[in-house]
Amino acid sequence: MTDPRIPQITAFLSSFARRRAARTVPVPGGFAALDDEFALSYANNQLVIDAATDPEALPGLADEVLGHLPYRLVSVLDEQMGAACAGPLLRAGYTHCTYLVMLHGGPVPAGGRAGEVDLDALRVPLARRWRDFLPDAGAEVIRQLVERRETGRRGAADVRFIGARTPEGEVAAWADLYLDPASGTAQIEDLVTSELHLGRGYGDAVLAAALRAAADADCATRFLIADAEDWPRHWYERRGFAVIGRSHGFERF
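The shown structure was predicted, so the numbers you read here are calculated from the model rather than taken from an experiment. (Residues numbered from 1 in each chain as written. Predicted model: local features only at pLDDT ≥ 70, side-chain atom pairs only at ≥ 80, totals over all residues. Heavy atoms only, no water.)

Caption draft 1: Local environment of helix H6 (residues 202-216). When the terminal C-alpha atoms of H6 are compared, their 21 Å separation across 15 residues agrees well with the 21 Å that a helix rising 1.5 Å per residue should span. Along H6, eleven of the 15 residues are buried, which leaves the element largely enclosed by surrounding structure. Looking at H6, one finds that the buried residues are Tyr202, Gly203, Ala205, Val206, Leu207, Ala208, Ala209, Ala210, Leu211, Ala213 and Ala214. (Helix = DSSP H or I, 4+ residues; strand = E, 2+ residues; numbered from the N terminus. Expected span 1.5 Å × (residues − 1). Buried < 20%, exposed > 50% of the residue type's maximum accessible area, 1.4 Å probe, protein only.)

Caption draft 2: Highlighting the layout of surface pockets. Within this model, the second largest pocket holds a volume of roughly 220 Å³. Lining the second largest pocket we find 15 residues, and of these Thr2, Ile6, Asp78, Glu79 and Gln80 sit closest to its centre. Of all elements in the fold, only helix H1 (6-20), helix H3 (79-91) and strand S11 (241-252) reach the threshold of two or more residues within the lining of the second largest pocket. Residues belonging to the lining of the second largest pocket are distributed by class as follows: six nonpolar, five polar and four charged. (1 Å grid on protein atoms, 1.4 Å probe; cavity = no way out; pocket = protein on both sides within 12 Å on 5 of 7 lines; lining within 4 Å. Points joined across faces, edges and corners; volume = space filled by probe spheres on them. Nonpolar A, V, L, I, M, F, W, Y, C, P; charged D, E, K, R; others polar.)

Caption draft 3: Representation of the packing of aromatic side chains in the model. Going through the model one piece at a time under the given rule, you end up with eight aromatic pairs. Judged by centre distance (3.9 Å) and plane angle (25°), the ring pair of Tyr42 and Tyr71 falls under stacked. Remark: Tyr71 occurs in the loop between helix H2 (58-66) and strand S4 (72-76) and Tyr42 occurs in the loop between strand S2 (30-34) and strand S3 (46-49); sequence separation between them is 29 residues. Under the relative-accessibility criterion, Tyr71 is labelled buried at 3%. (Phe/Tyr/Trp six-rings, centres within 6.5 Å; stacked < 30°, edge-to-face > 60°.)

As structure tokens, this is what we get:
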């Protein structure tokens, strides 16, 4: 049985993608979210499927709306629809990732060691971490992946960058917090710790501060998205998150 909070979360994710986009193009079952200023950022240029669509038509639909780009990203927010779309997209040369919708159900931490930061404070550690993740990426790719962070401010009613600093003042770990108090929904996104500061509790501090801020904003539905095949899902489970659903991502390069 579908968790009753899944429709709420799906609506939030869909709305966020629409609001963040510089422009959208409607398609059967969803829309293309596009931003020419950040054309090298997959997350800013993707096809979002948030309703029923024809799975067999999806590869051609993606080519139609994303044809000006050298890559394709298709995000299918519904678990069952994503499973139905997998076959046609895999046959068209896409790779498939399953993402877990994880809901926080544990006690809300007190917070305290982390707080809100701005993009200026994040630029250097963000660029360094992206170079760790993408060692072969060019300077313009890294620049866009850093600067695109600011577009997230358009996505929700209240968007905050949460960071934990070292004693010297450097941001050691960070995450985005997207809040929609009207619907009681909060998403924690892109929680990352700098390679230089792993294992020192900075990620925990950021997560605690984000959860506390969400609770203080009356957001009872506090969730994040985690890769089903990657280790962070287990880290989140130990901190009170549980899997309540799945979404699907398809990429072609």
